[in-house]
Amino acid sequence: MKKYFVAPSVLSANYLALKDDLTAITRAGAEWIHFDVMDGDFVPNLTFGPKILADIRSESNLHLDCHLMVKIKNRSVESYLVPFVKAGASSITLHYEALTPEQLTEFLALRTKLKIKIGLALKPATPLIVVLPYLAQLDLVLIMTVEPGFGGQKFLPAAAKKIKELRGYLDQHQYPTLIEVDGGINEQTGLICKNYGVDVLVAGSYLFDHPDLAERLQGLLANETN
Ligand code: DX5
Ligand code: ZN
């Protein structure tokens, strides 16, 4: 039976009651937490950095899945990522579109150098082909099914088709790379992604601030496809 991971997105949590939200998602069976870092440049929104991540790490042993929607300027990729690693990141995903070719090469080498799991994220309009040469060096590929920047947006079905294409490619080459989907995930859209072969479902607004959070999360974890 295939195992799915659900990564509740801290972006939609109540920051004044973060501890309670962490407890609720952990009790409901989440094994990952999704942590969206935005810089107001690559995306038109700003969020948080390593300090909050370290505070979360001090309360949680879950996989801290960091999704960095940032452009790195005038410094090395390593110097940007080290504070997140020190804060307890389990995996760090950068956007393919945000990286220069030199930064991409440096990022791939940090997997071994910093001993972290790494991923590349693709915006809805970015074709899958750009990441295919790097699959052997990636722990995950994050398929965005909304434009990065905000929670609560509508799932883009055309972008989700990349999951199916990538699943075929990974299976054919027997790569263990995980496929993660992010944006507009709920019971129905989650099922579409499961049918396409996803491994990790990020969900923000669908989970937080709902009295039936546990039920919703367990529904996403359930091994059900059409
Ligand atoms: C959006 C973020 C998502 C966001 C998803 O740029 O990357 O992780 O939290 O939120 P929902 O699940 O509400 O679409
Ligand atoms: Zn995200």
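Residues numbered from 1 in each chain as written. Chains lettered and ligands numbered in written order. Predicted model: local features only at pLDDT ≥ 70, side-chain atom pairs only at ≥ 80, totals over all residues. Heavy atoms only, no water.

Labelled according to an unreviewed UniProt entry, the protein chain appears under the name Ribulose-phosphate 3-epimerase, originating from Spiroplasma poulsonii. What UniProt states about the protein chain under its Sequence similarities (unreviewed entry) heading is, verbatim, "Belongs to the ribulose-phosphate 3-epimerase family." In its Catalytic activity (unreviewed entry) section, the UniProt record describing the protein chain reads: "D-ribulose 5-phosphate = D-xylulose 5-phosphate". (UniProt positions renumbered as here; feature names shortened; annotations may be inferred.)

Considerations on the environment of Asn195
Of note, Asn195 is situated in helix 6 (residues 187–196). Separated by 31 residues in sequence, Asn195 and Lys164 have C-alpha atoms that sit 8.2 Å apart. (Helix = DSSP H or I, 4+ residues; strand = E, 2+ residues; numbered from the N terminus.)

Considerations on the coordination of the zinc ion (ligand 2)
Put simply, a metal with four donors set out as a tetrahedron has ideal angles of 109.5 degrees, and one with six donors set out as an octahedron has ideal angles of 90 or 180 degrees. Every protein donor of the zinc ion (ligand 2) is listed here as His34 (NE2), Asp36 (OD), His67 (ND1) and Asp182 (OD), and their distances to the metal cover 2.1 to 2.3 Å. Here the donor residues of the zinc ion (ligand 2) are spaced in sequence according to H-x1-D-x30-H-x114-D. Separated by 31 residues along the polypeptide, Asp36 in strand 2 (residues 32–38) and His67 in strand 3 (residues 63–69) bring together distant segments of the chain. For Asp36, a relative accessible area of 3% corresponds to the buried category. (Donors = N, O, S within 2.8 Å, 3.2 Å for Na, K, Ca; no water. Buried < 20%, exposed > 50% of the residue type's maximum accessible area, 1.4 Å probe, protein only.)

A few points about the sheet that holds strand 4 (residues 91–95)
Within a sheet, each strand pairs with its neighbour through backbone hydrogen bonds, oriented either parallel or antiparallel. Read across the open sheet, the eight strands follow the order 1-8-7-6-5-4-3-2; overall the sheet is parallel. The open sheet has two edge strands with one neighbour each: strand 1 (5–8) and strand 2. On average, each strand axis in the sheet is inclined to that of its neighbour by 25°, with strand direction left out of account. Bridge count for strand 2 against strand 3 is seven bridges, and the pairing is parallel. (Pairing = 2+ DSSP bridges. Axes fitted to C-alpha atoms, helices over the stretch in contact; angles between N-to-C directions.)

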